[in-house]
Structures are given as structure tokens and as C-alpha cells.
Amino acid sequence: MNSIILNAATRLLVALLLLFSVFMLLRGHNLPGGGFIGGLIGATGFVLHAIAMGAQATRDTLRHEPQDIAMIGLGIALASGVFAVFFGEAFFTGQWWFAGADPSDPDDKGLPISSVLFFDIGVYLVVFGSILTLVLALEEEV
């Protein structure tokens, strides 16, 4: 398929879908969303790219093989669970850090960052890489 309209729209839609997927990833802490749905939305953008531009162009755009992205995500998710063990907690117990806290202000805790966020990022990358591995393999077979 070599549609000028689809090619032009794909460039915009991939960027919008990736931006929305990161929003869903970060929103998933306290509201519906998270790594799984964010990864699906992000992969959808690149599935559209593969339909419009072809599987090889999508692989070139990604710069890394999708299965490598999934494996990195699996490592991040596993590391976020193991991290609690170093603090004497059970595996996958959430750990919180407060970045940028003002030591002179007792009410300022700073920006809360948790191991749960890193787990969600790992899930995002696993879903993103897994879906693209399957879709690009199917696209190349056709």
C-alpha cells in the first residue's frame, strides 16, 4: 500500500499515539491506565507505521529489535521487584524516593518516585516489544 494520505497521517498519528501512551503509563499510578495499556497504545502507533511504510521501515525507525525492547523491559520489571529485597522487604514491595526535597522545608517532600513506576515502565516495554515482534513477523510473511 502506497497511499500519500496514509503516509502523511501516519507520521502525525505515530507521534500522537506515543505521546498518549506515555500519558497513560504515567497516569496509571492512581487512575486507570499503566504499563500494559500504555504499551498497547504505543505499539498501535508502530503497527500503523508498519501498515503504511512496511515492516523494514518500521524496524529502521525503532532502531532496536522489538524483542530486545521486550527483554530490556522484563529486566527493568524484575529489577524493580528485587530492589525491595535490598531494604529487607518482601519481593515486589513498593519502595518510594522523594527527589528534589528541600531539607529546610519539612512540608516539602519533593517529587515522589516509586519502584512501582519502574515496574510499570518495564511492563510497558515488554508489551510494546512483544506486540511489535508478533506484528512485524506477520507483516514480513505476507
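Above: the structure in question.
This one's a predicted model, so the numbers in the text were calculated from it and none came from an experiment.

The next thing to look at is the pattern of salt bridges. Charged atoms that come close allow side chains of opposite charge to pair. Under the defined criterion, the tally for this structure stands at two salt bridges. A salt bridge links Arg59 to Glu65; its shortest N-O distance comes to 2.5 Å. Using a relative accessible area of 15% as the deciding quantity, one classes Arg59 as buried. Residue Arg59 pairs with Glu140 through a salt bridge whose shortest N-O separation is 2.7 Å. Remark: Glu140 occurs in helix H5 (residues 115-141) and Arg59 occurs in helix H3 (residues 55-62); sequence separation between them is 81 residues. For Glu140, a relative accessible area of 43% gives the class partly exposed. Sharing partners across several salt bridges, the network here consists of Arg59, Glu65 and Glu140.

Quick look at the packing of aromatic side chains now. The tally for this structure, following the rule as stated, stands at eight aromatic pairs. For the pair Phe83 and Phe87, a centre-to-centre distance of 5.1 Å together with 65° between the ring planes defines the contact as edge-to-face. For Phe83, a relative accessible area of 29% corresponds to the partly exposed category. In this structure an aromatic cluster arises from ring pairing among Phe83, Phe87, Trp97 and Phe118.

This part is about the environment of Gly34. Relative to the helices and strands, Gly34 resides in the loop between helix H1 (4-27) and helix H2 (35-53). Judged by relative accessible area, Gly34 falls into the buried class, the value being 3%. Between the C-alpha atoms of Gly34 and Gly75, which are 41 residues apart in sequence, the distance is 18 Å. Those residues in contact with Gly34 that sit more than four places away from it in its chain are Met24, Leu25, Gly28 and Asp120.

Along the chain, Val135 falls in helix H5. Residue class for Val135 comes out partly exposed when judged on its relative accessible area of 24%.

This next bit is on the layout of surface pockets. Here the largest pocket is characterised by a volume of approximately 150 Å³. Every residue lining the largest pocket is listed: Leu18, Phe46, Thr61, Leu62, His64, Ile69, Leu125 and Phe128. The set of elements that each furnish at least two residues to the lining of the largest pocket consists of H3 and H5. The class makeup of the residues in the lining of the largest pocket is six nonpolar, two polar and no charged.

This paragraph deals with the packing of H2 against H5. Between H2 and H5, the shortest axis-to-axis distance is 7 Å and the interhelical angle comes to 30°. Taken as axis vectors, H2 and H5 run roughly parallel relative to one another. The element H2 and its partner H5 pack so that their crossing is right-handed. Across the interface between the two elements, Gly35, Phe36, Gly38, Gly39, Leu40, Gly42, Ala43, Phe46, Val47 and Ala50 from H2 touch Asp120, Val123, Tyr124, Val127, Phe128, Ile131, Leu132, Val135, Leu136 and Glu139 from H5. In terms of residue class, the contact of H2 with H5 is built from 14 nonpolar, four polar and two charged.

About the thresholds
- Residues numbered from 1 in each chain as written.
- Predicted model: local features only at pLDDT ≥ 70, side-chain atom pairs only at ≥ 80, totals over all residues.
- Heavy atoms only, no water.
- Salt bridge = Lys/Arg side-chain N within 4 Å of Asp/Glu carboxyl O.
- Buried < 20%, exposed > 50% of the residue type's maximum accessible area, 1.4 Å probe, protein only.
- Helix = DSSP H or I, 4+ residues; strand = E, 2+ residues; numbered from the N terminus.
- Phe/Tyr/Trp six-rings, centres within 6.5 Å; stacked < 30°, edge-to-face > 60°.
- Contact = heavy atoms within 4.5 Å.
- 1 Å grid on protein atoms, 1.4 Å probe; cavity = no way out; pocket = protein on both sides within 12 Å on 5 of 7 lines; lining within 4 Å.
- Points joined across faces, edges and corners; volume = space filled by probe spheres on them.
- Nonpolar A, V, L, I, M, F, W, Y, C, P; charged D, E, K, R; others polar.
- Axes fitted to C-alpha atoms, helices over the stretch in contact; angles between N-to-C directions.
- Parallel < 35°, antiparallel > 145°, perpendicular 65-115°, else oblique.
- Left-handed = near helix turned anticlockwise from the far one by under 90°.

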